[in-house]
Amino acid sequence: MKVDLHTHSTYSDGTDSLDDLIFKCRSNGIEYVSVTDHDCIGGTKDFLKKATSNGINAIPGIEFSAEHPTELHILCYNYDQDDPVLNDALNYLLDERKTRIVKMMRLLQDDGFRISNEELQELIGNGVPTRPHIGQLLVNKGYCRTVKEAFERYIGVGCKYFVKKGILTKEEIFSISEKASGTTVLAHPAKIHEPDFEKLLRKLLDLGLKGIEVFYPIHSDRECSYFMSIAERYGLIITQGSDNHGTRRNTYLGKETRGNENELLMASVQKLFRK
Ligand SMILES: [Zn+2]
């Protein structure tokens, strides 16, 4: 069973359009997929339609960033797309992103970078504005060679042109997901670098966490086994995802395959998709 429940599209910071993603699902034989754009469900309805007409199983997805000392991301699946609480939260997050991007652009422009808001908008298209869009613009204008370099030199955390944006607390994310009848899954847990992982996990379980992303490209085999044992111990569902961002990251749709024959993954996917 080929599963990829973590991918981004041009609606957030990926470079694949919805059609590109469908094409990649078909050519990689992916049977179960979810597009999990950051703070955005703009592409969800269209993607579900396209997937259905191509015989691919798809559910709504989204990836939230939670307020936490390190990177803590929560994936939410199969929510009610029309839920007003969810949509209010997404509008808030979009406003925060827009304000932050405008501030960052102004800082760069004031310092002599010849980049315009119109050029940036062209890159953003119908998606939500993200830092990689500014990074891409800096690359296009010859200020750096790669988006990665743009992050390291100009727009990453701690850099001169970095501006913080408002994000949701863990409590808010779980309450929004619950109201929208979504299923929450802890994304790439090895990236959290938490000294006492189980303590954090128990807190998240209290808040309503239902699953954990076990199979993920940068997880070592040992980490996969550890997170698998955690899932079994706490009765969690497990997922598998590539975190495909098109050409923006060193991964691709369907890259993670270690869970393909895993029984708990199969059962979890059945559960997630049945709803
Ligand atoms: Zn992601």
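All of these numbers come straight from a predicted model, not from anything done at the bench.

## Here's the deal with the environment of Leu-265
Note that Leu-265 resides in helix H10 (residues 263–274). Judged by C-beta crowding, with 24 C-beta atoms within 10 Å, Leu-265 ranks as buried. Along the backbone, Leu-265 and Glu-213 are 52 residues apart, and their C-alpha atoms lie at a distance of 9.9 Å.

## A few points about the environment of Pro-217
With respect to the helices and strands, Pro-217 occurs in the loop between strand E7 (211–215) and helix H9 (221–234). Overall, Pro-217 belongs to the partly exposed group, with 19 C-beta atoms counted inside 10 Å. Between the alpha carbons of Pro-217 and Arg-258 there is a distance of 9.1 Å; along the sequence they are 41 residues apart. Each residue touching Pro-217, except ones within four places of it in the same chain, is listed here: Ser-242, Asp-243, Thr-251, Lys-255 and Glu-256.

## Overview of the sheet that holds strand E2 (residues 32–35)
Overall, parallel pairing links the three strands, which are arranged E1-E2-E3 in an open sheet. The sheet terminates laterally at strand E1 (3–7) and strand E3 (57–58), the two strands that pair on one side only. Inspection of the sheet shows E2 paired to E3 by two bridges, in the parallel sense. Bridging from a neighbouring strand, Tyr-32 pairs with Asn-57 of E3.

## A look at the nonpolar core
Ranked by internal contacts, the top residues of the largest apolar core, which has 54 residues, are Ile-74 and Ile-212. Discounting residues that sit within four places of it in the chain, Ile-74 has contacts with Phe-64, Ala-66, Ile-173, Thr-184, Leu-186 and Ala-187. Residues Met-105, Leu-108, Leu-138 and Val-147 belong to the second largest nonpolar core, which totals 12 residues.

## Concerning the sheet that holds strand E6 (residues 183–186)
Taken together, the five strands give an open sheet; going across it, the order is E4-E5-E6-E7-E8, and neighbouring strands pair in mixed fashion. In this open sheet, the two strands that pair with only one neighbour each are strand E4 (61–66) and strand E8 (237–240). Here the average twist between neighbouring strands, direction ignored, is 35 degrees. When E7 meets E8, the two strands line up parallel, connected through four bridges. Across the sheet, the residue bridging to Glu-213 is Thr-239, located in E8. Relative to the sheet, helix H7 (residues 170–179) contacts E4, strand E5 (72–77) and E6, its axis offset from that of E4 by approximately 160 degrees.

## Brief notes about the domain arrangement of the protein
According to the domain assignment, the protein consists of domain 1 (3–81 + 172–274) and domain 2 (89–155). The C-alpha-based centres of domain 1 and domain 2 are spaced at 26 Å. The interface of domain 1 with domain 2 comprises 11 residues on the first partner and 12 residues on the second. A class-by-class count of the residues in the side of domain 1 that touches domain 2 yields four nonpolar, four polar and three charged.

Parameters at a glance
- Residues numbered from 1 in each chain as written.
- Predicted model: local features only at pLDDT ≥ 70, side-chain atom pairs only at ≥ 80, totals over all residues.
- Helix = DSSP H or I, 4+ residues; strand = E, 2+ residues; numbered from the N terminus.
- Buried ≥ 20, exposed ≤ 12 C-beta atoms within 10 Å, placed from the backbone.
- Contact = placed C-beta atoms within 7 Å.
- Pairing = 2+ DSSP bridges.
- Core = buried A, V, L, I, M, F, W, Y, C linked by C-beta atoms within 7 Å.
- Axes fitted to C-alpha atoms, helices over the stretch in contact; angles between N-to-C directions.
- Domains from an automatic or database assignment.
- Nonpolar A, V, L, I, M, F, W, Y, C, P; charged D, E, K, R; others polar.

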